[in-house]
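# Survey of secondary and tertiary structure
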Amino acid sequence: MPTTILAIESSCDETAVAVLRHTDTKEGSQVEVLASEISSQIDIHREFGGVVPELASRNHSLHLRPLIECAMEDAGVNIEEIDAFGATAGPGLASSLLVGNTTAKSLALATGKPFISVNHMEGHLLSPFLHEPALRSNLALIVSGGHTLLIQMKAFGNYQRLGSTRDDAAGEAYDKVGKMLGLPYPGGPEIEKQARSGSAEAFQFPRSMMKDGLDFSFSGLKTAVLYQLEKLDPESGRAPADSIPDLCASFQAAVIDVLVSKTIRAARACGETTISLSGGVSCNLALREAMQRACDQHGITLLIAPPALSTDNAAMIAFVALHHHLQGQSSSLHLDINPNLKL
Ligand code: KG4
Ligand code: ZN
């Protein structure tokens, strides 16, 4: 009998709904993404230069119901065919989490099916395995707007944190530097675009804590970019237009050097021969290529989810919910959201 999961993601500024189907066949088990809908709020928050929590939750409320209907229609399933309802419980913005979480609980209550509370970071962690035949032991780097995490994953639910950021997350550093350079929100994709026509050697930015343990620190790099801007134009402290590509390329090279070198070091230290890369920043082609080159040099297999599964989406939340469901686990309808939920 196939298992069908509907999951909702609303931890930040993307409203997302996915329907996933798991089937046991003679050849093994198969997971199919029947629908993965995302309603992005980027355009709404762009004029404020970042996510405005109240606007985010209002828009989740507005878009969630039509998105659920759309996902079920695309998946060709009706509500009685859903075996469990999952939703992100954290980490994220409380008022945003509440919208998706309460909706999934209501659907579970109305249909008498289980509710499954999901950790958003576990969604990112498992996302590179969505199209793999099975989960396997690996060293994971999760790089998103709120987190930079190195995790050794032995099996589903067996995770050991090896490193995290002491200050800004990698994506946060991209977004803050993007703002300093006057680029639209979110800075990550814009910096990547600008960096393509710049020189990574133009400015020497620091590689903080490069040789120092497995934790990260990106705030010194952000400050170094700020000082460079003040040097380039002491009057305004704004970046002259012709220096933006070089600033972006040099900043990006510093981020990537640190991410790649620490991830390889962590994998070698714990004897993992597979590295998985996930989270919004893993959409970055320069990071993907640098990580792939380093993995090839060290005989390590690299797994990265396609870009649509790297930024926030509900398919990864449904995938985690599916694993809980297959192990007979569900959550109480009384379980609260937790904006600071840890992996
Ligand atoms: O995982 P995600 O969608 O949301 C969080 O859980 O935070 O990650 C969003 C982050 C943002 O900081 C965004 O600037 C960054 O991912 N990002 C990128 C790229 N695409 C998204 N950073 C660098 N290069 C990109 N191409
Ligand atoms: Zn995320």
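Located above this text is the structure these notes cover.
As the structure is a prediction and not an experimental result, all values here were calculated from the model. (Residues numbered from 1 in each chain as written. Chains lettered and ligands numbered in written order. Predicted model: local features only at pLDDT ≥ 70, side-chain atom pairs only at ≥ 80, totals over all residues.)

### Concerning the sheet that holds strand β4 (residues 84–90)
Keep this limit in mind: Pairing between strands is defined by DSSP: at least two bridges between the two strands are required. Helix and strand definitions follow DSSP, with helices as H or I runs of at least four residues and strands as E runs of at least two, each counted in order from the N terminus. Here the axes come from fitting lines to C-alpha atoms, over the contacting stretch only for helices, and the angles between their N-to-C directions go from 0 to 180 degrees. By the convention adopted here, residues make contact when the C-beta atoms placed from their backbones lie within 7 Å.
With respect to topology, five strands assemble into an open sheet ordered β3-β2-β1-β4-β5, the strand pairing being mixed. Single-partner strands in this sheet number two, and they are β3 (28–40) and β5 (115–119). Shown here is a sheet whose adjacent strand axes are inclined to one another by a mean of 25°, direction ignored. Both strand β1 (residues 3–9) and β4 contribute to a ladder of four bridges, which runs parallel. Note that in β4 the partner of Ile5 across the bridge is Ala84. In this fold helix α3 (residues 94–111) packs onto β1, β4 and β5, with an angle of close to 160° to the strand it touches most, β4. Packed onto the sheet, helix α11 (residues 315–326) meets β1, β2 (14–25), β3, β4 and β5 and runs at close to 135° relative to β1.

### Digging into the site of ligand 1
Rules: Any residue whose C-beta atom, as set from the backbone, lies within 6 Å of a molecule or strand is reported as near that molecule or strand. Note that Gly is not counted as nonpolar here; it falls among the polar residues with everything else outside the nonpolar set of Ala, Val, Leu, Ile, Met, Phe, Trp, Tyr, Cys and Pro and the charged set of Asp, Glu, Lys and Arg.
Surveying the vicinity of ligand 1 reveals 19 residues, the closest of which are Gly145, Gly171, Gly188, Gly280 and Asn284. Only α5 (170–180) and α6 (187–195) provide two or more residues apiece to the shell around ligand 1. Looking at which element gives the most residues to the shell around ligand 1, the answer is α6, with four residues. Partitioned by chemical class, the residues of the shell around ligand 1 number six nonpolar, 10 polar and three charged.

### What about the environment of Leu309?
For clarity, the cut-off: In this scheme the burial state of a residue depends on its C-beta neighbours within 10 Å: 20 or more other such atoms mean buried, 12 or fewer mean exposed, and anything in between means partly exposed; the C-beta positions come from the backbone.
Positionally, Leu309 belongs in helix α10 (residues 307–310). Its 25 C-beta neighbours within 10 Å are what place Leu309 among the buried residues. With 30 residues separating them in the primary sequence, Leu309 and Gly279 have C-alpha atoms 8.4 Å apart. Beyond its immediate sequence surroundings of up to four residues, Leu309 is in contact with Ser127, Leu130, Ala315 and Met316.

### A look at the sheet that holds strand β10 (residues 301–304)
Pairing in this open sheet of five strands is mixed, and the strands run β8-β7-β6-β9-β10 from one edge to the other. Taken across any chain shown, the strands that pair with only one partner, and hence form the sheet edges, are β8 (158–164) and β10. Strand-to-strand twist across the sheet, computed as the mean angle between neighbouring axes with direction ignored, equals 25°. Where strand β6 (residues 138–143) meets strand β9 (residues 274–278), four bridges bridge the pair, whose relative direction is parallel.

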